[in-house]
Amino acid sequence: MSEQTIALVTGANKGIGYEIAAGLGALGWRIGVGARDRQRRDTAVEKLLAAGIDAFGVPLDVTDDVSVAAAAEVIADHAGGLDVLVNNAAITGGMPQTPTTVDPATVRAVVETNVIGVIRVTNAMLPMLRASAAPRIVNMSSSVGSLALQTTPGIDMGPVPAAYLASKTFLNALTIQYVRELADTNILINSGCPGFTATDLNGFRGVRTPEQGAAIAIRLATLPDDGPTGGFFDDAGTVPW
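Read on for a plain summary of the structure. Model, not experiment: these values are computed from the prediction.

### As for the overall build of the protein chain
Turning to step 1, where the next piece is worked out: Within the protein chain one finds seven helices and eight strands.
Turning to step 2, where the next piece is worked out: Computed over C-alpha atoms, the radius of gyration of the protein chain comes to 17 Å, within 12% of the 18 Å expected from 2.2 N^0.38 for 241 residues, which places it in the range of a compact globule.
Turning to step 3, where the next piece is worked out: With respect to the three principal axes, the spread of C-alpha positions in the protein chain is 50 × 40 × 30 Å.
Turning to step 4, where the next piece is worked out: The burial tally for the protein chain puts 49% of its 241 residues in the buried class.
Turning to step 5, where the next piece is worked out: Contacts in the protein chain between residues far apart in sequence, at least 24 positions, make up 70% of those at least 6 positions apart.
Turning to step 6, where the next piece is worked out: Surface accessibility of the protein chain: about 11,000 Å² in total, with carbon and sulfur atoms responsible for 55%.
Turning to step 7, where the next piece is worked out: On the protein chain, the mean spot of the 16 positive side-chain charges and the mean spot of the 23 negative ones are 4 Å from each other.

Now the structure itself:
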């Protein structure tokens, strides 16, 4: 491993993922831009390089075992290891998604990307993260996945996107399980909520910019060695599970 911090950001070709890559790259880190669309990935890398960021493309489809295994090899070959993994890639599955009308196939597709994809990528990158002096895993979640907020009287969580919402609750539970299993390691693992950010995920209806949405991931990716693990955070602090 070199002294330069190496990070992989999934879904980094646009929106919040791109801004996470840009923010971490501005710290002098080397950034793997994970994305399945070649043209968008290449464009993102070119833009980051033009900004003086040490970035390289990582072909990555989080729903495909072969693609994820190949991505781990790319990172090992290009960077020699990995210190930080930001699991950002996600889909909504389209709207509306009320529980009584949602197509089960939509639920499967959303969970495949938003949850199983995180498992697939995390496990593939884990050997390199274990070898890092200061490994961090950031799972990009959402406050809509908070069971506490969903059941608190007077709090309006907006529409009921059954598949997407449940996938984020699932992801939060997964974060906790990884923390429990890896408790004897130095890997800090946390969930982060970017807030209601304007991206193509929500038809650009959000009130926050992608740069603002990326801030929590950058904070969790740069935690000190005595920082928290097994938490759920947004810019304001702790989000209830």
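### A short note on the sheet that holds strand 8 (residues 237–238)
Turning to step 1, where the next piece is worked out: Spatial strand order, 3-2-1-4-5-6-7-8: eight strands in an open sheet with mixed pairing. Across the chains shown, the open sheet's two edge strands, defined by having one partner strand only, are strand 3 (54–59) and strand 8.
Turning to step 2, where the next piece is worked out: With five bridges joining them, strand 5 (residues 136–140) and strand 6 (residues 188–192) adopt parallel strand pairing. When the sheet's bridge partners are listed, V138 is paired in strand 6 with N190.
Turning to step 3, where the next piece is worked out: Across the face of the sheet, helix 4 (residues 104–130) comes into contact with strand 1 (6–10), strand 4 (84–87) and strand 5 while running at roughly 175 degrees to strand 4.
Turning to step 4, where the next piece is worked out: Here helix 6 (residues 162–181) sits on the sheet in contact with strand 5, strand 6 and strand 7 (232–234), set at roughly 165 degrees to strand 6.

### A closer look at the packing of helix 1 (residues 15–25) against helix 2 (residues 38–50)
Turning to step 1, where the next piece is worked out: The N-to-C vectors of helix 1 and helix 2 enclose an angle of 30 degrees; their axes lie 11 Å apart at closest approach. With respect to helix 2, the element helix 1 is oriented roughly parallel. Relative to helix 2, the crossing made by helix 1 is right-handed. Taken together, the residues of helix 2 that come into contact with helix 1 (itself represented by Y18, A21 and A22) are A44, K47 and L48.
Turning to step 2, where the next piece is worked out: Across the contact of helix 1 with helix 2, the residue classes tally to five nonpolar, no polar and one charged.

### Concerning the packing of helix 4 against helix 6
Turning to step 1, where the next piece is worked out: Between helix 4 and helix 6, the shortest axis-to-axis distance is 9 Å and the interhelical angle comes to 20 degrees. It follows from the interaxial angle that helix 4 and helix 6 lie roughly parallel. Crossing of helix 4 over helix 6 shows right-handed handedness. Counting all contacts with helix 4, which are made through T106, V107, V110, V111, N114, V115, V118, I119, T122 and N123, the residues of helix 6 involved are A163, Y164, S167, K168, F170, L171, L174 and Y178.
Turning to step 2, where the next piece is worked out: Tallied by class, the residues present in the contact of helix 4 with helix 6 amount to twelve nonpolar, five polar and one charged.

Basis of the calculations
- Residues numbered from 1 in each chain as written.
- Predicted model: local features only at pLDDT ≥ 70, side-chain atom pairs only at ≥ 80, totals over all residues.
- Heavy atoms only, no water.
- Helix = DSSP H or I, 4+ residues; strand = E, 2+ residues; numbered from the N terminus.
- Rg over C-alpha atoms; globule rule 2.2 N^0.38 Å.
- Buried < 20%, exposed > 50% of the residue type's maximum accessible area, 1.4 Å probe, protein only.
- Contact = heavy atoms within 4.5 Å.
- Areas by Shrake-Rupley, 256 points an atom, 1.4 Å probe, with all protein chains shown as cover.
- Lys, Arg positive; Asp, Glu negative; His and termini not counted.
- Charge placed at Lys NZ, Arg CZ, Asp CG, Glu CD.
- Pairing = 2+ DSSP bridges.
- Axes fitted to C-alpha atoms, helices over the stretch in contact; angles between N-to-C directions.
- Parallel < 35°, antiparallel > 145°, perpendicular 65-115°, else oblique.
- Left-handed = near helix turned anticlockwise from the far one by under 90°.
- Nonpolar A, V, L, I, M, F, W, Y, C, P; charged D, E, K, R; others polar.

Structural measurements only, silent on function.
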